[in-house]
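Chain by chain, the residues run as shown.
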Amino acid sequence: MAAFEVTEFFVRHEATLNRAIDAIHERLFYAHYPESPSGKIYGETANDEGRAAFEAQLGRLFDLRQQADRSLVSDEVSPFTLNPLHISYPVHDAPEAYISASQAAAPAWQRLDAYIRAGILVESLEGVRRRFFELAYATMHTTGQAFVMSFQASGPHAADRALEAVALGLHEQTRFPGRTVEWVKPMGKGEVRIDKRWHNVPRGVSLCIGVSTFPVWNTLPGLYASLGTGNTAIVKPHPAAVYPLALVVQEIQRALEAVGLDPQIVQLATDTAAEPITTQLAAHPDVRIIDFTGGSQYGAYVESLADKIVFTEKSGVNSVIIDSVEDLKAAMGNLAMSVSLYSGQMCTAPQNFFIPEGGIEAGGSHASYESVVAALTGAIQALAADPRMAPNILGAIQSPRTLDRSQQARMLDARLLLDPQPAPNPEYPEARIAAPLVLEAQADRKDVFGQELFGPVVLVIPTRNTPHSVALARELALEKGAISCAAYTTDEEMMELIESEMTSAGAPVSFNFSGPVLINQNATFSDFHVTGANPAGNASISDPSFIRRRFSVVGTRVYKP
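Keep in mind the model is a prediction, meaning the values are calculated, not measured.

**Student:** Would you mind going over the overall build of the protein chain with me for this structure?
**Tutor:** Of regular secondary structure, the protein chain possesses 19 helices and 20 strands. What you see for the protein chain is a C-alpha radius of gyration of 25 Å, in line with the 24 Å of a compact globule of 561 residues. Projected onto its principal axes, the C-alpha positions of the protein chain cover 80 × 70 × 45 Å. Every one of the 561 residues in the protein chain was classed for burial, and the buried ones make up 57%. The averaged location of the 62 negative side-chain charges in the protein chain is 9 Å from the averaged location of its 44 positive side-chain charges.

Put into structure tokens, the structure is as follows:
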């Protein structure tokens, strides 16, 4: 295609990119993609068309613009119906073939101006936008997220995170002069003149390793950050959640192909749990960048690959520190929603509740430890018993292993406070559903509460006082990692103590949440997701270092006698 057609995508999306860059600096509310799955926003027939597209894909080969040796049926099974999706994807027999194709596609992509790359990538996000509803059903029936969460997390929220990465990448690549400058140094009666110019040099092949619970939201920032800075990308989805990422890869490939570029600048590398290829790809010497979301054990292995630039988000133990509240019912209602949302299968979900054994101040009066616990368990139980709310909040359990782990938690040396009642989903009677289990562990039993119990498990820990609670929460953040921390206090000095202690442990604190915003949620263009300052991960989405390490600035000098 003609060169002006290549630049046309940037011209089309220049205002969007400029607004996104402004939002990154302002840190105020901004959302380019509306989060409501409303027909008034996305079209009255968009939901029906998305569902039809999802259903039409089941049992068929997913069409991707990449070479392959054969097709492979994925491990994808709906947590709502327990039926396999039977979708197949094009694959190579040798993992090295993805790397070879990536390297062959790299030169043309690297030569492009950063503005042109950014325009192409935003165009791909507009393609994803047109398929938000199909993406929602693909996410729902691979992860177990309820429909609205699936729409928001994989659709608008993930697209905004991707846009944030592209915009920040463009800003970082254009921070220094993109033209030749004449450098003049006075030297006595004379001077020295040198022409200088700088080149942004990508690292090379990047590998994006997806997770089963939030395949799109967690993968897109790193994927678009690498592509935006001129690297090629191989997307290795979790075997149980391929379809959502396949859809995104397909749209990126279409945008690339539309301007005459090799669509294999980005590829999908599908595998199965029985025959994984992740380690073969990750360990390959020509893979230069790795983005990983998942468990700490494999995350530690990825971080040990010394010849790679690695960005990780791993597991952590998130705490709630309760010192005092204005409204006990409102606070516990918010926390009940936080632990119940997607059945606790969120990296930001709270797990450990530290409450002084002598009770707290609540709305000007004293509330005993027992009454605080009763307010929490009562709110969780009421939510799970609501036939209209529960299915849309709890969703379904993505993996049978997560359900087994939550059931095995009953065997811990802890007192049972709330044994969840069944919360059936009338639309999907076979769904794997579990409301939160609530246990009480003693403060000296870190062997019980000092581990991540991923899924619908809550631990309440009675402490001597709030400083004791803070000390335990800080210790866990430093040793095990923490991605979120909730704190409730009406005392300014206590707030300062909590903020100082927890932020120094790399755990961002959310104070006194009692409205519709939950501590689980992070706002694109405003909140940084993960800090890289404790064992929960070594990177932050999306600060400048998340972008800057993906390319180098190399200078050229020409002496002018």
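**Student:** Would you take a moment to explain the environment of Thr180 for this structure?
**Tutor:** Its place among the elements puts Thr180 in the loop between α7 (147–173) and β3 (181–187). With 376 residues separating them in the primary sequence, Thr180 and Thr556 have C-alpha atoms 9.3 Å apart. Setting aside residues no more than four positions away along its own chain, Thr180 makes contact with Asp195, Lys196 and Arg197.

**Student:** How should the pattern of salt bridges be read in this particular structure?
**Tutor:** For the coordinates displayed, the defined rule picks out 27 salt bridges. Close ionic contact of Arg12 with Glu123 constitutes a salt bridge, the shortest N to O distance being 3.1 Å. Of this pair, Arg12 sits in helix α1 (residues 3–26) while Glu123 sits in helix α5 (residues 114–129), and the two are 111 residues apart along the sequence. The exposure class assigned to Glu123 is buried, which follows from its relative accessible area of 13%. With its nearest N and O atoms 2.5 Å apart, the salt bridge here joins Glu475 to Lys446. Of this pair, Glu475 sits in helix α17 (residues 466–480) while Lys446 is found in helix α16 (residues 446–449), placing the two residues 29 residues apart along the sequence. The exposure class of Glu475 is partly exposed, given its relative accessible area of 33%. For Lys446, a relative accessible area of 28% gives the class partly exposed. Through salt bridges with shared partners, one network takes in Glu182, Glu191, Arg193, Asp195 and Lys560.

**Student:** Would you mind showing me how to read the sheet that holds strand β4 (residues 190–202) here?
**Tutor:** Note on sheets: strands pair through backbone hydrogen bonds, and any given pair is parallel or antiparallel. If you walk across this open sheet you meet the three strands as β3-β4-β20, and the pairing is antiparallel. The open sheet terminates on both sides in strands that have one partner only, identified here as β3 and β20 (551–560). Each strand axis lies, on average, 30° off the axis of its neighbour in the sheet, ignoring direction. Here β4 pairs with β20 via 10 bridges, running antiparallel. For Pro202, the partnering residue across the bridge sits in β20 and is Phe551.

**Student:** Which parts of the structure should I look at to understand empty space enclosed by the protein?
**Tutor:** Over the atoms, a rolled probe matching the size of one water molecule traces out where space is still vacant. Applying the stated criterion across every chain, the model contains two cavities of 30 Å³ or more. In this model, the largest cavity occupies a volume close to 150 Å³. As for the largest cavity, its lining consists of 17 residues, of which Asn218, Asp291, Phe292, Thr293 and Ile541 are closest to the centre. Residue assignment for the lining of the largest cavity shows that the elements contributing at least two residues are β5 (205–209), α8 (215–228), β8 (287–293) and β9 (309–313). Across the lining of the second largest cavity, the residue classes tally to nine nonpolar, five polar and one charged.

**Student:** Looking at this model, I keep getting lost on α8. Mind explaining?
**Tutor:** Because an α-helix completes one turn every 3.6 residues, residues spaced three or four positions apart along the sequence face the same direction. Over its 14 residues, α8 extends 20 Å from the first C-alpha to the last, a length consistent with the 20 Å expected when each residue adds 1.5 Å. Counted residue by residue, α8 has 14 buried out of 14 residues, so it is predominantly covered. At the exit of α8 stands Gly230, carrying a positive phi of roughly 95°.

**Student:** Mind showing me how you'd approach the packing of helix α3 (residues 46–57) against helix α6 (residues 132–143) here?
**Tutor:** How two helices pack is summed up by the angle between their axes together with the distance between the axes. One way to put it is that α3 packs onto α6 with a least axis distance of 7 Å and a crossing angle of 50°. As the angle between them shows, α3 and α6 are arranged oblique. Read as a crossing pair, α3 and α6 show a hand that is right-handed. Contacts between α3 and α6 involve Ala46, Asn47, Gly50, Arg51, Ala53 and Phe54 on the former and, on the latter, Phe133, Glu134, Tyr137, Ala138 and His141.

**Student:** What is the right way to read the sheet that holds strand β10 (residues 319–322) from this model?
**Tutor:** Taking strand neighbours across the sheet as the criterion, the seven strands line up as β15-β16-β17-β12-β10-β18-β19 in an open arrangement whose pairing is mixed. One side of each edge strand has no neighbouring strand; the edge strands of this open sheet are β15 (415–418) and β19 (509–511). Mean inter-strand twist for the sheet, computed between neighbouring axes without regard to direction, equals 25°. The strands touched by helix α18 (residues 492–504) are β10, β18 (485–488) and β19; relative to β19, the strand with the most contacts, the crossing angle is about 160°.

**Student:** Would you mind showing me how to read the layout of surface pockets here?
**Tutor:** By volume, the second largest pocket is sized at about 1,200 Å³. As for the second largest pocket, its lining consists of 44 residues, and the residues nearest its centre are Val211, Ser212, His238, Gly295 and Arg401. Per-class residue counts for the lining of the second largest pocket are 15 nonpolar, 19 polar and 10 charged.

**Student:** Before we go on, may I ask you to explain the nonpolar core in this structure?
**Tutor:** Across soluble globular proteins, nonpolar side chains have a tendency to be buried as a group. Counting 95 residues, the largest nonpolar core has Leu17, Trp109, Ile120, Leu223, Tyr224 and Leu268 as its most contacted members. Among the nonpolar cores identified, the runner-up in size contains 28 residues, and Phe354, Val448, Ile461 and Ala505 belong to it.

**Student:** Looking at this structure, I do not really get the side chain of Ser340. What am I missing?
**Tutor:** Examined against the element boundaries, Ser340 turns out to sit in helix α12 (residues 328–340). The class for Ser340 is buried, based on a relative accessible area of 1%. When neighbours within four sequence positions are excluded, Ser340 is seen to be in contact with Ile380, Leu383, Ile393, Leu394 and Pro436.

**Student:** Looking at this model, I keep getting lost on the packing of aromatic side chains. Mind explaining?
**Tutor:** Both the distance between ring centres and the angle between the ring planes are used here to describe each pair of aromatic rings. This structure, assessed with the given rule, holds 20 aromatic pairs. Here the aromatic rings of Phe133 and Phe147 are separated by 6.4 Å at their centres, their planes lie at 25°, and the arrangement is stacked. In this pair, Phe133 is assigned in helix α6 and Phe147 in helix α7, connecting sequence segments 14 residues apart. An aromatic cluster is defined as three or more aromatic residues linked by ring pairs; in this entry it consists of Tyr33, Tyr42, Phe54, Phe62, Tyr89, Phe132, Phe133, Tyr137, Phe147, Phe151 and Tyr243. One Lys or Arg, Arg19, reaches over the ring of Tyr30 and ends 4.5 Å from the middle of that ring.

**Student:** Just checking my understanding: could you explain the state of the cysteines for this structure?
**Tutor:** Between two cysteines, a covalent bond joining their sulfur atoms is known as a disulfide. Inspection of the entire model under this criterion finds zero disulfides. Considering cysteine sulfurs only, Cys347 is the nearest to Cys208, which forms no disulfide, with 17 Å between them. On the basis of relative accessible area, Cys208 is assigned to the buried category, the value being 1%.

Each value, and the rule that gives it
- Residues numbered from 1 in each chain as written.
- Predicted model: local features only at pLDDT ≥ 70, side-chain atom pairs only at ≥ 80, totals over all residues.
- Heavy atoms only, no water.
- Helix = DSSP H or I, 4+ residues; strand = E, 2+ residues; numbered from the N terminus.
- Rg over C-alpha atoms; globule rule 2.2 N^0.38 Å.
- Buried < 20%, exposed > 50% of the residue type's maximum accessible area, 1.4 Å probe, protein only.
- Lys, Arg positive; Asp, Glu negative; His and termini not counted.
- Charge placed at Lys NZ, Arg CZ, Asp CG, Glu CD.
- Contact = heavy atoms within 4.5 Å.
- Salt bridge = Lys/Arg side-chain N within 4 Å of Asp/Glu carboxyl O.
- Pairing = 2+ DSSP bridges.
- Axes fitted to C-alpha atoms, helices over the stretch in contact; angles between N-to-C directions.
- 1 Å grid on protein atoms, 1.4 Å probe; cavity = no way out; pocket = protein on both sides within 12 Å on 5 of 7 lines; lining within 4 Å.
- Points joined across faces, edges and corners; volume = space filled by probe spheres on them.
- Nonpolar A, V, L, I, M, F, W, Y, C, P; charged D, E, K, R; others polar.
- Expected span 1.5 Å × (residues − 1).
- Parallel < 35°, antiparallel > 145°, perpendicular 65-115°, else oblique.
- Left-handed = near helix turned anticlockwise from the far one by under 90°.
- Core = buried A, V, L, I, M, F, W, Y, C linked by side-chain atoms within 4.5 Å.
- Phe/Tyr/Trp six-rings, centres within 6.5 Å; stacked < 30°, edge-to-face > 60°.
- Lys NZ or Arg CZ within 6 Å of the ring centre and 35° of its normal.
- Disulfide = S-S within 2.5 Å.

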